[in-house]
Amino acid sequence: MFVLINLLIADDNKEFDITLFNFIKKNINQINIVGICVDGLDTFEKIKELNPDVVLLDIKMPTLNGFQIVDKLISEKINIPKIILVTGHHEVLSSFNRSNFIYGILLKPINYNSLIGTLNVIVEERNLDKFNNKVTLILSNFDFNVQSKGYKYLVECIKSCYIAPYLLNSLDKKLYPYISNHFIDTTPLKIKWSVEKAINSMYRYTDKEILEKFFSNSKKLSPRYFIETILSIINN
């Protein structure tokens, strides 16, 4: 799955803006730069108009500084993007009382490795959000007990195999032990039993036409076959 992140650059140093623009375009394919702003009021209006996912926001700018922009977004109840403050004046950060609205801080001169790292984390978070939503949507076709441990373990199995496909090579020796590390008071064997129980229960209560629509061999739904099929649907 490919998720595009819309990013707005806001800094009154035009040369710095161009350098940032070129660096990001060259190094991160999933970032779409929607605009460049050189003053605070324009930045505020562009955030309202474009609704970017991320803003690289300089603190000291004409008309409105970075802090005032955040305050104005809050007071006017406008959707606040992930804000990464960019500043050469780290001492002013201590006076800012809206830190819970700030995703990250980059000090000038910019460490471009840190910039890449921060943006890549945002990209991966968005990819995972989209993946989780897609898994939930697909599984909603089947009659699962979504409150059961087995269902929760199964979702975690699907997510883990998406991130690390090698886990599918052996559910007993690799996948279930891996999943057990993410939950308290369980074991790989308990996870195996719970996942199998969740799938078997779903099979009994789900309309057979629906099962045949998703699974070429709907009479035998092993955990491995179920996970592989769901991942195949997601990737196509």
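In this report, we go over the structure that sits alongside the text. In this text the structure is predicted, and so the values were computed from the model without any measurement.

## Description of the packing of aromatic side chains
No. 1: Counted by the stated rule, this structure contains eleven aromatic pairs.
No. 2: The interplanar angle of 70 degrees and the centroid separation of 5.0 Å between the aromatic rings of Phe-142 and Phe-214 together place this pair among those described as edge-to-face. Of this pair, Phe-142 sits in the loop between α4 (112–139) and α5 (149–163) while Phe-214 sits in helix α8 (residues 208–214); the two residues are 72 residues apart in sequence, bridging distant segments of the chain. Pair check on accessibility: Phe-142 and Phe-214 agree, each one buried.
No. 3: With a centroid separation of 5.4 Å and an interplanar angle of 55 degrees, the aromatic rings of Phe-144 and Tyr-151 are classed as tilted.
No. 4: Taken together, the aromatic side chains of Phe-142, Phe-144, Tyr-151, Phe-214, Phe-215, Tyr-225 and Phe-226 make up a single cluster linked through ring pairs.
No. 5: Residue placement shows Lys-72 over the ring face of Phe-44; its charged tip is 4.9 Å from the ring centre.
No. 6: The positively charged end of Lys-108 is found above the aromatic ring belonging to Phe-16, 4.8 Å away from the centroid.

## Digging into α5
No. 1: The end-to-end C-alpha distance of α5, which contains 15 residues, comes to 21 Å, matching closely the 21 Å that a straight helix rising 1.5 Å per residue would cover.
No. 2: Here α5 has its buried residues at Gly-150, Tyr-151, Tyr-153, Leu-154, Glu-156, Cys-157, Ile-158, Ser-160 and Cys-161.
No. 3: Against the buried residues of α5 lie α4, α6 (171–180), α7 (188–205) and α9 (223–235).

## Some details on unusual backbone geometry
No. 1: The omega torsion of the bond from Lys-108 to Pro-109 falls at -5 degrees, within 30 degrees of zero and hence cis.
No. 2: Checked against the element boundaries, Pro-109 lands in the loop between β5 (102–107) and α4.
No. 3: Positive phi, normally seen in glycine, also occurs at Lys-77, with a value near 55 degrees.
No. 4: Residue placement: Lys-77 occurs in the loop between α3 (66–75) and β4 (82–87).
No. 5: Note on Lys-77: relative accessible area 77%, which makes it exposed.

Here is what the cut-offs are and how they apply
Residues numbered from 1 in each chain as written. Predicted model: local features only at pLDDT ≥ 70, side-chain atom pairs only at ≥ 80, totals over all residues. Heavy atoms only, no water. Phe/Tyr/Trp six-rings, centres within 6.5 Å; stacked < 30°, edge-to-face > 60°. Helix = DSSP H or I, 4+ residues; strand = E, 2+ residues; numbered from the N terminus. Buried < 20%, exposed > 50% of the residue type's maximum accessible area, 1.4 Å probe, protein only. Lys NZ or Arg CZ within 6 Å of the ring centre and 35° of its normal. Expected span 1.5 Å × (residues − 1). Contact = heavy atoms within 4.5 Å.

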